[in-house]
Amino acid sequence: MSNRKAYRGEILHFLDDPSGCVGSKAQDCYQHFDDGVLLIENGLVAKLGHYTDLASEIGDDTELVHYQNGLITPGFIDTHVHYPQIEMIASFGEQLLSWLERYTFPSEAQFSDYNYAKKIAEFFLSELQRNGTTTALVFATSHPESVEAFFDTALSRKLRMICGKVLMDRNAPQELLDTPQSGYQQSKALIEKWHGRGRLQYAVTPRFAPTSSDAQLATARRLIKEHPGVYLQTHLSENQQEIEWVQNLFPDSENYLDVYDKHQLLGRRSVFAHGVHLHDQECKRLGETGSSIAFCPSSNLFLGSGLFNLTQAREHGVNVGLGTDVGAGTSLSLLSTMCDAYKTQQLRGDPLPALSSFYLATLGGARSLDLENTIGNFSIGCEADFNFLDYQATELSRLRISRCNSLEERLFVLSIIGDDRTVGATHIMGERVNEQKKTVLENL
């Protein structure tokens, strides 16, 4: 079989953040081909352009797929999601802290069992692919088995995934707690086994400041220093009650972010989930250090946490990507997440253009993960993870798209009424991944 493939159709990808491009310069931030072709060799982007310009380079040794009535985009990138929470999605009636105690912690306790974790990881990754998400920054649980199961599954599917064992040594059920020493030893072993293996990378993962002591946060910093290139993921300023709790637990800190800053946990590969209630000083510090925020609008609405201030983050140069969160979020679909992102910003009086939504889900997510030269667009040499979004996935989308007169209008429709059905095909390193519409879990 040839290692060359060509995908023809309407194609869109981003070169920069369109929110920073004014007027006619906005088109400098993206490339759009009404009839384009994406040439792939050995799983990497080889060329991109108009079909008429590149047709002569599609030889007999090249498999050609022509996608019609839809849009080819880079694969979606989820910058914050908890895979062990997929089975308790849509749990009623709580806000963050009581939600953790009532639903999340009991669910996560099951993941000390590798076989159980493996079944959930298989289901979770199938659902991601079905929703067009090709890379994610993922929380496991405090059990090393949960990370092993996730990485085993992701490796077999040749996915680019980032994951880490949760560090949590206080303020949680005993069966979920580790210690600074055990957390360090287990994380170190996982990093040495998995980071850089295939397309996998590791994230040092203190759950959030209230469940880690100063000693454990110091351990997190030690792991990062000893293993350059790993990530740091945690939560930040999601809920007002949480912020007050952090202030009581860390009275010497100026604010929530300062807890992490004092332990030197900010940096180019540090991703802080939520950031709903941030002061300008905190945003300024995030921007100065190259740190990122995972914007999780579905979760913020569902738990009643608040409305993320995207404009504030942009003004301070903070990298922002989208996150589904799950189970506090309501879907693994980043298209559905775009819809909620629009609603949150509409409530703030600052409507989010569809071009910006698709940027956040692709190149913006890649930049948030320090992977913009690897995934997130169709630059030459990037890994060829991409989607075909079907304009005719439902009768409603068929009707609504037929009334659109521009790319921006079509994108807005996809971002508001699109969901898993819209993703007609997902590709990993240029290969189509066929997922059944329903994934059956047995013996759980």
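Residues numbered from 1 in each chain as written. Predicted model: local features only at pLDDT ≥ 70, side-chain atom pairs only at ≥ 80, totals over all residues. Heavy atoms only, no water.

Regarding its fold elements, the protein presents 16 helices and 16 strands. Whereas a compact globule of 444 residues would reach a radius of gyration of roughly 22 Å, the protein reaches 21 Å, a difference of no more than 12%. Principal-axis analysis of the C-alpha atoms gives the protein an extent of 65 × 50 × 40 Å. Each of the 444 residues in the protein was classed as buried or not, and the buried ones make up 60%. (Helix = DSSP H or I, 4+ residues; strand = E, 2+ residues; numbered from the N terminus. Rg over C-alpha atoms; globule rule 2.2 N^0.38 Å. Buried < 20%, exposed > 50% of the residue type's maximum accessible area, 1.4 Å probe, protein only.)

This brings us to unusual backbone geometry. Across the junction of V326 and G327, the peptide omega takes the value 5°, indicating a cis bond. The topology assignment puts G327 in the loop between β13 (319-322) and α12 (334-347). Despite not being glycine, S237 has its phi angle at roughly 45°, a positive value. Mapped onto the elements, S237 comes out in the loop between β10 (231-236) and α7 (240-249). In the Ramachandran plot, M429 falls in the positive-phi region, its phi being about 50° despite a non-glycine side chain. Mapped onto the elements of the fold, M429 is located in the loop between β15 (423-428) and β16 (431-433). Residue class for M429 comes out partly exposed when judged on its relative accessible area of 24%.

A full pass over the atoms with the stated rule returns 19 aromatic pairs. Here the aromatic rings of Y7 and Y67 are separated by 6.1 Å at their centres, their planes lie at 15°, and the arrangement is stacked. Of this pair, Y7 sits in strand β1 (residues 4-14) while Y67 is found in strand β4 (residues 62-74), placing the two residues 60 residues apart along the sequence. Both residues of the pair, Y7 and Y67, count as buried. The rings of Y83, F111, Y116, F124, F150, F151 and W194 are connected pair by pair, giving a single aromatic cluster. The ring of Y51 has R8 lying over it, and the distance from NZ or CZ to the ring centre is 3.6 Å. Against the face of Y184 rests R222, its NZ or CZ located 3.9 Å from the ring centre. (Phe/Tyr/Trp six-rings, centres within 6.5 Å; stacked < 30°, edge-to-face > 60°. Lys NZ or Arg CZ within 6 Å of the ring centre and 35° of its normal.)

Overall, the coordinates contain two cavities of 30 Å³ or more when judged by the stated rule. When its volume is computed, the largest cavity comes out at roughly 110 Å³. Residue lining of the largest cavity: 13 residues in total, with H82, L96, L100, H235 and E238 positioned closest to the centre. Take the lining of the largest cavity: its biggest share by element is three residues, from helix α2 (residues 96-108). Among the residues forming the lining of the largest cavity, the class breakdown is six nonpolar, four polar and three charged. Here the second largest cavity is characterised by a volume of approximately 40 Å³. Of the residues in the lining of the second largest cavity, the class split is three nonpolar, five polar and one charged. (1 Å grid on protein atoms, 1.4 Å probe; cavity = no way out; pocket = protein on both sides within 12 Å on 5 of 7 lines; lining within 4 Å. Points joined across faces, edges and corners; volume = space filled by probe spheres on them. Nonpolar A, V, L, I, M, F, W, Y, C, P; charged D, E, K, R; others polar.)

Let's shift gears to the nonpolar core. Grouped together as the largest cluster of nonpolar side chains are 104 residues, with contacts concentrated most on Y83, F124, F150, M161 and V204. Broken down by element, the residue count for this core peaks at eight residues, all from helix α3 (residues 114-130). Within the second largest apolar cluster, 15 residues are counted, among which are L48, Y67, A384 and F388. (Core = buried A, V, L, I, M, F, W, Y, C linked by side-chain atoms within 4.5 Å.)

With that settled, the discussion passes to helix α4 (residues 144-156). The terminal C-alpha atoms of α4, which comprises 13 residues, lie 19 Å apart, in line with the 18 Å expected from a rise of 1.5 Å per residue. Among the residues making up α4, those that are buried are S146, V147, E148, A149, F150, F151, T153 and A154. Buried residues in α4 make contact with α3, β6 (133-139), β7 (160-164), α5 (180-194) and β9 (200-206). Once α4 ends, the next one or two residues include K158, with phi positive near 60°. (Expected span 1.5 Å × (residues − 1). Contact = heavy atoms within 4.5 Å.)

The strands that make up a sheet are held in pairs by hydrogen bonds between backbone atoms, and each pair lies either parallel or antiparallel. Overall, mixed pairing links the seven strands, which are arranged β3-β2-β1-β4-β14-β15-β16 in an open sheet. At either end of the open sheet lies a strand with only one pairing partner, and these are β3 (44-50) and β16. Averaged over all adjacent pairs, the angle separating strand axes in this sheet is 35°, with direction ignored. Pairing geometry for β15 and β16, over three bridges, is antiparallel. Bridge pairing in β16 places T426 opposite V433. (Pairing = 2+ DSSP bridges. Axes fitted to C-alpha atoms, helices over the stretch in contact; angles between N-to-C directions.)

One number sums up the size of the largest pocket: a volume of about 160 Å³. Contributing to the lining of the largest pocket are 13 residues, with D17, V318, N319, V320 and Y359 lying nearest its centre. Among the elements of the structure, α11 (310-315), β13, α13 (354-361) and α14 (363-368) are those that each provide at least two residues to the lining of the largest pocket. Here the lining of the largest pocket is built from residues that sort into six nonpolar, four polar and three charged.

Enumeration over the complete set of coordinates arrives at 32 salt bridges. Notably, a salt bridge pairs E94 with R102, separated by 2.8 Å at the nearest N-O pair. A salt bridge links E383 to R160, with the shortest nitrogen-to-oxygen separation between them at 2.8 Å. Of the two residues, E383 is situated in the loop between α14 and β14 (386-390) and R160 in strand β7; the sequence distance between them amounts to 223 residues. (Salt bridge = Lys/Arg side-chain N within 4 Å of Asp/Glu carboxyl O.)

Moving on: α2. In an α-helix, one turn spans 3.6 residues, which is why side chains three or four residues apart end up on the same side. The end-to-end C-alpha distance of α2 is 16 Å, clearly below the 18 Å that 13 residues give at a rise of 1.5 Å each. Along its buried surface, α2 packs onto β5 (76-82) and α7.

The pLDDT averaged across the protein works out to 95; a share of 96% of its residues lies at or above 70. Low confidence marks residues 436-440, where pLDDT is under 50. Its contacts with residues over four positions away, or in another chain, come to eight contacts. (pLDDT = per-residue confidence, 0-100.)

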